[in-house]
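Observations on the three-dimensional arrangement
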Amino acid sequence: MSIENLSIYYGEKCVVQHVDLSLKKGEILTVVGESGSGKSTLLSAISGLLNSTATIETGTIYLEETPLHENKTMYRVNRKDMTMIFQNPGAFFNPMKKIGKQYEQYLCLHGVIDKQEQKHIQKMMLEKVHLCDVDRVLNAYPFELSGGMQQRVSIAMATTFKPKLLLADEPTSALDVTTQADIVKHFIQLSKEETAILMVTHNMSVASYLSDKIAVMKDGRIIEYGNRDDIIYRPKEAYTKALIEATPSLSEVENG
Ligand SMILES: Nc1ncnc2c1ncn2[C@@H]1O[C@H](COP(=O)(O)OP(=O)(O)O)[C@@H](O)[C@H]1O
Ligand SMILES: [Mg+2]
């Protein structure tokens, strides 16, 4: 994926300013920055879920060589190729339908109609995200599962078809540490299977652990962008240094 000179406005207010980013097959790029810096807006623009009051003022987003939009109009993207995970997994599910039913519908939508094959895929994917009691999970309504379990299911679904690009907006911030760690490991595994991952987080330790590249965003701009080691060990911007210093485990690493 590549983004060239992307600027997005809400009314008169510019919330994403002249952003350039690129991501290769199997790479993990993390966008870090404080709340309100424009991270979610950037991700929504890529996923095509931009709020209708937002305008893409300049720039283009490409998936492979294909532009994803022309000005405000999004082109249809194969939803197998690009999937999204939300901070609040509740946003991903219909509260009225059992998890298994929703997963089945998702598989049907993408051409898997054989019941036995559906069952096989569901079981395999749920085990990949360390959900063991598969039948219970599939038979549950979303509210019957914890946030961590819901997020695991949403990740299983979103990665069923090995997307080319996975977008994840603070996917671990509402979760307990064990679930966080499992999800991070799952992402690393996916990237080895060639999925490119663009993740937004305000957790510098998560970013440091899994990223190939890190982009630091502030007030709508990418103020620093580079390889993980350069950003973590040799940050140039005072703002980046402050983010790292505010993360105890990282500042210890940096100070030897
Ligand atoms: N629907 C909206 N209408 C108007 N302003 C918005 C809307 N959504 C977000 N904003 C503003 O855009 C800026 C960036 O928000 P956001 O992309 O959510 O940042 P982040 O994800 O980094 O916290 C903020 O100043 C926020 O108030
Ligand atoms: Mg956000």
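Residues numbered from 1 in each chain as written. Chains lettered and ligands numbered in written order. Predicted model: local features only at pLDDT ≥ 70, side-chain atom pairs only at ≥ 80, totals over all residues. Heavy atoms only, no water.

Observations concerning the sheet that holds strand 4 (residues 54-63)
- The strand order 2-1-4-5 describes an open sheet built from 4 strands, whose pairing is antiparallel. The strands lining the two open edges of the sheet, one partner per strand, are strand 2 (13-22) and strand 5 (66-67).
- With 2 bridges joining them, strand 4 and strand 5 adopt antiparallel strand pairing. Residue pairing across strands places Tyr62 opposite Pro67, the latter belonging to strand 5.
- Relative to the sheet, helix 1 (residues 39-47) contacts strand 1 (2-10), strand 2 and strand 4, its axis offset from that of strand 1 by approximately 115°. (Pairing = 2+ DSSP bridges. Helix = DSSP H or I, 4+ residues; strand = E, 2+ residues; numbered from the N terminus. Contact = heavy atoms within 4.5 Å. Axes fitted to C-alpha atoms, helices over the stretch in contact; angles between N-to-C directions.)

Observations regarding unusual backbone geometry
- The phi angle at Asn5 is positive, at roughly 50°, despite the residue not being glycine.
- With respect to the secondary-structure elements, Asn5 resides in strand 1.
- Positive phi is not limited to glycine here, since Asp219 has a value of about 45°.
- With respect to the element layout, Asp219 can be found in the loop between strand 11 (213-218) and strand 12 (221-227).

With respect to the site of ligand 1
- Around ligand 1 sit Tyr10, Lys13, Val15, Glu34, Ser35, Gly36, Ser37, Gly38, Lys39, Ser40, Thr41 and Asn51, and those are all the residues in its vicinity.
- A distance of 3.4 Å separates a nitrogen atom of ligand 1 from a polar side-chain atom of Tyr10.
- A distance of 2.8 Å separates an oxygen atom of ligand 1 from a polar side-chain atom of Lys39.
- Here ligand 1 loses 64% of its free accessible area of 560 Å² to cover by the protein chains.
- Contributions of two or more residues to the shell around ligand 1 are made by strand 2 and helix 1.
- For the shell around ligand 1, a count of residues per class yields 2 nonpolar, 7 polar and 3 charged. (Near = heavy atom within 4 Å. Polar contact = N/O pair within 3.5 Å; in protein donor to acceptor, adjacent residues only side chain to side chain. Areas by Shrake-Rupley, 256 points an atom, 1.4 Å probe, with all protein chains shown as cover. Nonpolar A, V, L, I, M, F, W, Y, C, P; charged D, E, K, R; others polar.)

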